[in-house]
Amino acid sequence: MKHFSIAPLISLTDVCKSYRAGRSEIAIFQDLTLSIDAGEFVAIMGPSGSGKSTLLNMLSGIDRPDSGRIRAGETDLSLATERELTRWRAEHLGLVFQFYNLLPNLTAAQNIELPLLKRPLGRSARAERVRVALELVGLADRGTHRPAMMSGGQLQRVGIARAIVTDPSVLICDEPTGDLDRRSATEILELLRFMQVSQGKTIIMVTHDPAAAAYASRVLHLDKGELVPARQEMAE
Amino acid sequence: MTRQTRAVIMSNLMSLPHRIWSSASMIAAIALVVFVLTGFLAMARGLEQSLAATGATDVAVVLGGGARQELGSEIAPGVPEALLAQADKLEITALSREMVMPVDAIRQDTGATQAISLRGMDITGPGLRRSATLTDGRMFKPDHYELVVGKAIAATYKGFKLGDTIEIGRSRWTVVGHFEAPGTVFASEIWAPLAAVQTDFGQGQLIQSLRIGLRADVSLRLLQPALSEMDGTQFLAQLEREFYSIQSGHTARLIRAFAWPLALMLAIGAGAGALNTMLGSVTSRQIEIATLRALGFSRSAAFWGTWCEAIFLASIGALLGAGLGWLVFNGFSVATMGANQNQFAFALTVSPDVIGPAVILALLIGLVGGFIPALIAARMPIAAALHRGG
Ligand SMILES: Nc1ncnc2c1ncn2[C@@H]1O[C@H](COP(=O)(O)OP(=O)(O)OP(=O)(O)O)[C@@H](O)[C@H]1O
Ligand SMILES: [Mg+2]
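This section reports on the structure supplied with the text.

What counts and how
Residues numbered from 1 in each chain as written. Chains lettered and ligands numbered in written order. Predicted model: local features only at pLDDT ≥ 70, side-chain atom pairs only at ≥ 80, totals over all residues. Heavy atoms only, no water. 1 Å grid on protein atoms, 1.4 Å probe; cavity = no way out; pocket = protein on both sides within 12 Å on 5 of 7 lines; lining within 4 Å. Points joined across faces, edges and corners; volume = space filled by probe spheres on them. Nonpolar A, V, L, I, M, F, W, Y, C, P; charged D, E, K, R; others polar. Contact = heavy atoms within 4.5 Å. Buried area = accessible area lost by both parts, 1.4 Å probe. Salt bridge = Lys/Arg side-chain N within 4 Å of Asp/Glu carboxyl O. Polar contact = N/O pair within 3.5 Å; in protein donor to acceptor, adjacent residues only side chain to side chain. Pairing = 2+ DSSP bridges. Helix = DSSP H or I, 4+ residues; strand = E, 2+ residues; numbered from the N terminus. Axes fitted to C-alpha atoms, helices over the stretch in contact; angles between N-to-C directions. Buried < 20%, exposed > 50% of the residue type's maximum accessible area, 1.4 Å probe, protein only. Phe/Tyr/Trp six-rings, centres within 6.5 Å; stacked < 30°, edge-to-face > 60°.

Attention now moves to the layout of surface pockets. Of the volumes computed, that of the largest pocket is approximately 770 Å³. By residue class, the composition of the lining of the largest pocket is 14 nonpolar, 14 polar and 3 charged.

Encoded structure:
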């Protein structure tokens with residue numbers, strides 16, 4: 001894990017992005033500039049369709065800006081090849097999805113093991129990492145369960161375990177509590193804050209929920225593709 | 001293969017039950033191609049085997065008049081005598097003068113009339129067919145209107161039971177014996193004394209062919225120059241095995257020339273089905289594929305996962321089609337037109353060289369039909385797939 005004291009960990013400079021809808025173009029971002037430091041817990045809020053997911057996708061290297069630059073650490077994501085982006089994700093990113101995106105045919109432990117398959121680790125080393133990750137999210141005894149047998153809160157904890165099992169520097173979470181009840185949501189948010197505070201992870205999280213955003217160290221508001229000034233009272 | 005790729009393949013295969021009907025239709029279409037092709041190739045192979053089993057390597061077949069088969073061949077009456085006069089020198093052990101006539105016979109089951117072969121031969125003739133053995137009755141006597149009938153013929157057509165008399169040509173004939181000659185063309189013939197057949201059909205002294213027992217296959221090299229010194233038209237002297245395998249070659253080629261275009265047409269249909277099935281598979285797995293790619297799985301893992309699924313389904317289709325083909329076709333007995341335009345029966349043979357090409361075609365269907373879907377899986381735009389699915 002690398003910390004950058006001078007340059008920010010992640011920076012967007014003059015990023016433009018639009019989608020085609022039939023014949024017309026919908027501009028999502030125009031000249032978006034933003035930087036995130038290592039170790040921050042950033043919440044991104046904004047109305048539906050404001051481009052929150054699009055922003056996360058570009059930060060994850062699974063979508064590309066039309067123009068502008070996105071730098072993450074020493075990698076220029078806007079110039080990287082598909083292969084380099086894939087590798088960058090595998091090495092530096094943990095992704096958490098709103099609907100968990102676990103493979104239904106695999107057990108919790110097998111799902112968590114997936115990102116490790118690319119690492120030069122033997123079977124037992126992988127099993128040990130999976131065990132530690134399961135323990136961190138409080139599911140030590142659920143490794144052999146399949147997704148169909150678990151509750152939403154448990155599924156998202158498996159999702160977080162899968163995201164952290166490679167010990168990435170950045171966690172990107174798109175509405176991680178969007179599908180959960182209040183109690184499960186709180187557990188997940190506590191877990192994310194724990195990852196930031198005790199593991200030093202940089203966390204970027206999209207949420208609609210002000211209570212969730214309150215866990216972040218900084219809140220960004222997106223509206224019509226623009227960053228509007230954060231209202232301080234929302235972040236605290 | 002990387003662990004990632006293996007994991008994707010395993011995950012795809014495990015999710016197959018969710019796509020059971022579409023997968024089953026791809027398997028069935030491929031199995032049909034294999035089944036049909038197996039049937040035809042088994043027919044060609046069975047024909048070849050039957051005719052190869054018929055031919056001996058120490059018996060020569062001599063045709064005259066430039067003919068390549070017995071019908072239309074003619075040999076002057078002096079030729080056999082001239083050959084026998086120098087039997088020792090030419091290493092000839094036995095000689096039979098022969099002619100074949102197509103005669104009508106009535107099937108016991110349908111009552112239909114079909115042509116079968118009546119072969120007139122010298123009394124030495126049966127001895128030159130070592131695969132044939134007399135099972136009932138006795139051999140015909142020279143110059144008598146007596147028939148010795150292949151058992152398969154006796155079982156299929158009316159009037160050939162032991163002791164039956166039957167009208168053929170202008171005379172009544174008595175069935176005096178049955179013989180069997182498993183797996184050979186002879187099993188579908190009726191044998192009779194040459195002179196009786198010549199007289200009955202008003203053919204005078206016509207001899208179509210000679211069967212000549214040789215001391216060894218190399219003795220053919222003595223026979224050929226001796227024949228070319230004789231009067232009369234062009235002679236063709238071949239070992240019996242060669243004679244039949246050339247004939248079977250024609251028919252087998254014909255069957256294959258018919259079977260392959262048919263199989264390829266079915267294969268195109270099956271390929272389109274495979275393409276459709278696999279496109280459906282990629283669509284239904286798009287979130288899974290996009291998720292794995294987002295987690296850092298490579299494009300090639302997505303590609304191989306899909307391609308291997310197609311190959312796997314094609315293999316099952318191939319196995320099913322070949323297994324079914326073997327069960328149905330192997331040993332299945334059919335009748336066809338023989339070399340002399342007459343019925344003869346043989347058994348289909350489903351051998352590895354029959355199944356091999358059919359299975360390879362099936363795998364090709366999987367490879368081709370799965371390729372584009374695999375490419376689509378590999379090149380799937382991750383964000384868009386997650387957006388659509390989420
Ligand atoms: N792959 C795509 N193709 C076309 N249009 C897209 C695509 N992804 C997003 N959009 C459109 O871009 C706009 C922003 O989408 P985005 O998913 O980033 O919004 P969001 O802020 O995450 O919304 P929500 O809160 O509903 O998740 C929307 O109008 C959406 O329909
Ligand atoms: Mg969104």
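Right, picking up where we left off after that structure.
Attention now moves to the interface of chain A and chain B. In this complex, chain A contributes 24 residues to the contact, which on the side of chain B involves 22 residues. A combined buried area of about 1900 Å² lies between chain A and chain B, and 63% of that area is made up of carbon and sulfur atoms. Our count for the contact surface shared by chain A and chain B stands at 2 salt bridges. Among the ionic pairs, Arg293(B) bridges to Glu82(A), the shortest N-O distance being 2.7 Å. Taken together, chain A and chain B are joined by 10 residue pairs in polar contact (both at pLDDT 80 or more). Tallied by class, residues from the side of chain A that touches chain B come to 13 nonpolar, 4 polar and 7 charged.

Further remarks concern the sheet that holds strand S8 (residues 202–206) of chain A. The pairing of strands in a sheet comes from backbone hydrogen bonds and takes either a parallel or an antiparallel form. Residue and element names in this part refer to chain A. Ordered by their spatial adjacency, 6 strands build an open sheet running S6-S7-S8-S3-S9-S10, and the pairing between neighbours is mixed. Either end of the sheet is taken by a strand with one partner, and the two such strands are strand S6 (93–96) and strand S10 (226–228). If you compare each strand with its neighbour and ignore which way they point, the axes differ by 25° on average. Two elements, strand S3 (residues 41–45) and S8, share 4 bridges in a ladder whose sense is parallel. Along S8, the bridge assignment pairs alanine 43 with methionine 205.

Opposite charge on two side chains lets them pair, provided their charged atoms get close. Residue and element names in this part refer to chain A. Tallied over the full model, the rule gives 33 salt bridges over all chains. Here lysine 201 and aspartate 167 are joined by a salt bridge, their closest N and O atoms 2.4 Å apart. Separated by 34 residues along the polypeptide, lysine 201 in the loop between helix H6 (182–199) and S8 and aspartate 167 in the loop between helix H5 (152–164) and strand S7 (170–174) bring together distant segments of the chain. Exposure remark for aspartate 167: the relative accessible area of 43% places this residue in the partly exposed category.

All names here are of chain B. This structure, assessed with the given rule, holds 12 aromatic pairs over all chains. Note on phenylalanine 186 and tyrosine 244: the rings are 6.1 Å apart at their centroids and 80° apart in plane angle, and the pair reads as edge-to-face. Here tyrosine 244 lies in helix H7 (residues 240–284) and phenylalanine 186 lies in the loop between strand S7 (171–180) and strand S8 (189–193), a separation of 58 residues in the sequence. Overall, phenylalanine 186 belongs to the buried group, its relative accessible area being 0%. Accessibility expressed as a relative area gives 3% for tyrosine 244, which makes it buried. Each residue in the set Phe179, Phe186, Trp191, Phe243 and Tyr244 is aromatic and connected to the rest through ring pairs, giving one cluster.

With that out of the way, let us pick up unusual backbone geometry. Most peptide bonds are trans, and most residues other than glycine sit at a negative phi. All names here are of chain A. Located in the positive-phi region is aspartate 14, a residue other than glycine, with phi close to 50°. Along the chain, aspartate 14 falls in strand S1 (residues 10–21). Taking relative accessible area as the criterion, aspartate 14 reaches 40% and is therefore assigned partly exposed. Even without being glycine, lysine 224 reaches a positive phi, approximately 50°.

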